[in-house]
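Next come the chains, spelled out residue by residue.
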Amino acid sequence: MNSSQDTVLAVLADSEEILYRIQRSDKRIVYITVLDPNIISKAKRTYGPSAIEELSRLEVWNDHWTTLTVDSDNHGILCQKDITEPHAAPTESLREDYTRCDLSSLLILRELKSRTFEVTYNQDCAILKMARFPYELPWLLQEMHIYHALADCPLTPLLGYVFESQCPDRVVGILLEKLNGHWAQPDDFETCDDALQRLQQHILHGDLNKHNIIVTPEGPKFIDLESSVLSGPDNVESRNQERQALSIKLADTSGEGRPW
């Protein structure tokens, strides 16, 4: 493989380990966990080309693997291939009535948040939310679960699932309709309050702010449902508190929840 055509798609570097999500030259998505950060110099860890330059020196770099765990001991660098499976949504968490879209078919137009992107889909714009690394998967699954519960509710828009590496079972994202409208403002209180009450018949949003409500020509719609829970008799007080806070949230000028 030609390492010059490998691309770092995401990196998370801290004092304990480094995580890489990389697209290889053959378009496969692979994952690397560096357990000893000192293997890669601090100046090169997060800059894609420099990180690829360092990683391509590993003796197993041109082997075929999907996950690679890299560590060191007194004898040098240790590389273990495919001792972990690439993360993906469990099959039982997916529904057959949603389409599955290959990530490689989506053109990323811009990054909205760390794992949220505006993309092209069927010659139109859509929103991609994904789990770039295993620790992000529970957030994706929670949001996916909420969207499933709202399948018959017009207040939220789920288009389908997104898989990677030409493997339909490796679902790592969801595709959402891009909403045309404006972020909710104080003047939108009455319509937003009415829409929120209808939403709360199904779920408690859990992270309500003005940038999570898009006022469209069809009315307010809600996004960012990672913190949402199904509505029930045990969260009546929380639903009331969410409604009572709505006017304050719509008047907020702090930028809370705003995309980058």
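Scroll up a little and you will see the structure.
Residues numbered from 1 in each chain as written. Predicted model: local features only at pLDDT ≥ 70, side-chain atom pairs only at ≥ 80, totals over all residues. Heavy atoms only, no water.

J.: Run through the overall build of the protein, naming residues and quoting values.
T.: Scanning the protein for helices and strands turns up four helices and 16 strands. Overall, the protein is about 65 × 35 × 35 Å in size when its C-alpha atoms are taken along their principal axes. Buried residues in the protein amount to 46% of all 260 residues. For the protein, the exposed surface amounts to about 13500 Å²; the carbon and sulfur share of it is 48%. Each charge class in the protein was averaged separately, 25 positive and 41 negative side chains, and the resulting centres sit 4 Å apart. (Helix = DSSP H or I, 4+ residues; strand = E, 2+ residues; numbered from the N terminus. Buried < 20%, exposed > 50% of the residue type's maximum accessible area, 1.4 Å probe, protein only. Areas by Shrake-Rupley, 256 points an atom, 1.4 Å probe, with all protein chains shown as cover. Lys, Arg positive; Asp, Glu negative; His and termini not counted. Charge placed at Lys NZ, Arg CZ, Asp CG, Glu CD.)

J.: Can you lay out the side chain of T116 for me, pointing to particular residues and giving the numbers?
T.: Relative to the elements of secondary structure, T116 occurs in strand β8 (residues 116–121). For T116, a relative accessible area of 9% translates into the label buried. When residues no more than four places from it in sequence are discounted, the contact partners of T116 are E111, I127, L128 and K129. (Contact = heavy atoms within 4.5 Å.)

J.: Go over the packing of aromatic side chains, please, and point to the residues and values.
T.: For any pair of aromatic rings, the description rests on two quantities: the centre-to-centre distance and the angle between the ring planes. Inspection of every chain in the model, using the stated rule, returns four aromatic pairs. Plain terms: the ring middles of Y135 and W139 are 5.8 Å apart, the flat faces sit at 85° to each other, and that makes the pair edge-to-face. Its relative accessible area of 36% is what places Y135 among the partly exposed residues. Take W139: its relative accessible area is 41%, and that puts it in the partly exposed class. Aromatic ring contacts, followed pair by pair, group F133, Y135 and W139 into a single cluster. Here the basic side chain of R24 rests over the ring of W61, its NZ or CZ set 4.2 Å away from the ring centre. (Phe/Tyr/Trp six-rings, centres within 6.5 Å; stacked < 30°, edge-to-face > 60°. Lys NZ or Arg CZ within 6 Å of the ring centre and 35° of its normal.)

J.: Mind laying out the packing of helix α3 (residues 189–199) against helix α4 (residues 236–251), listing which residues take part and the relevant values?
T.: Their axes nearest at 10 Å, the elements α3 and α4 cross at an angle of 145°. In terms of crossing hand, the pair formed by α3 and α4 is right-handed. Here F189, C192, D193, L196 and Q197 of α3 lie close against α4, whose contacting residues are E242, R243, L246, S247 and L250. For the contact of α3 with α4, the residue count by class is five nonpolar, two polar and three charged. (Axes fitted to C-alpha atoms, helices over the stretch in contact; angles between N-to-C directions. Left-handed = near helix turned anticlockwise from the far one by under 90°. Nonpolar A, V, L, I, M, F, W, Y, C, P; charged D, E, K, R; others polar.)

J.: Describe the nonpolar core, with residues and values.
T.: With 33 residues, the main nonpolar core has M144, I174, I213 and F222 as its most contacted residues. For this core, the elements supplying multiple residues, two or more each, are α2 (137–149), β10 (158–163), β11 (171–177), α3, β14 (213–216) and α4. If you tally residues by element for this core, the top one is α2, at five residues. In contact with I213, not counting residues within four places along its chain, are H182, W183, A184, C192, L208, P220, K221, F222, L246 and L250. Among the nonpolar cores identified, the runner-up in size contains 17 residues, and I32, L58, V60 and V70 belong to it. (Core = buried A, V, L, I, M, F, W, Y, C linked by side-chain atoms within 4.5 Å.)

J.: Explain the state of the cysteines to me, using residue names and the numbers behind them.
T.: In the structure shown here, the tally under the stated rule is zero disulfides. Of the cysteine sulfurs around C101, a residue in no disulfide, the closest is that of C125, at 14 Å. A residue is classified by how much of its surface remains accessible, and C101, at 7% relative accessible area, is buried. By relative accessible area, C125 is classed as partly exposed at 31%. (Disulfide = S-S within 2.5 Å.)

J.: Please provide a residue-by-residue account of α4, values included.
T.: Side chains that are three or four residues apart share a direction in an α-helix, a result of its 3.6 residues per turn. For α4, spanning 16 residues, the distance from its first C-alpha to its last is 24 Å, which sits close to the expected 22 Å at 1.5 Å a residue. The sharpest bend along α4 measures roughly 40° and falls at A245. Every buried residue of α4 is listed here: R239, E242, L246 and L250. (Expected span 1.5 Å × (residues − 1). Bend = angle between axes of the 7 residues up to and from the residue.)

J.: How would you sum up the pattern of salt bridges? Please name residues and give values.
T.: Side chains that carry opposite charge are capable of pairing whenever their charged atoms lie near each other. Under the criterion given, the structure shown has 21 salt bridges. Among the ionic pairs, R57 bridges to E53, the shortest N-O distance being 3.5 Å. Judged by relative accessible area, E53 falls into the partly exposed class, the value being 40%. The closest approach of N and O atoms between R198 and D194, which form a salt bridge, is 3.4 Å. (Salt bridge = Lys/Arg side-chain N within 4 Å of Asp/Glu carboxyl O.)

J.: I'd like to hear about the environment of S165, residue by residue, with values.
T.: Within the secondary structure, S165 sits in the loop between β10 and β11. Residues S165 and D207 lie 42 residues apart in sequence; the distance between their C-alpha atoms is 32 Å. In contact with S165, not counting residues within four places along its chain, are R28, I29 and R170. Polar contacts involving the side chain of S165 include one to the main-chain amide nitrogen of I29, which spans 2.7 Å. (Polar contact = N/O pair within 3.5 Å; in protein donor to acceptor, adjacent residues only side chain to side chain.)

Limitation: the analysis is restricted to geometry and does not speak to function.
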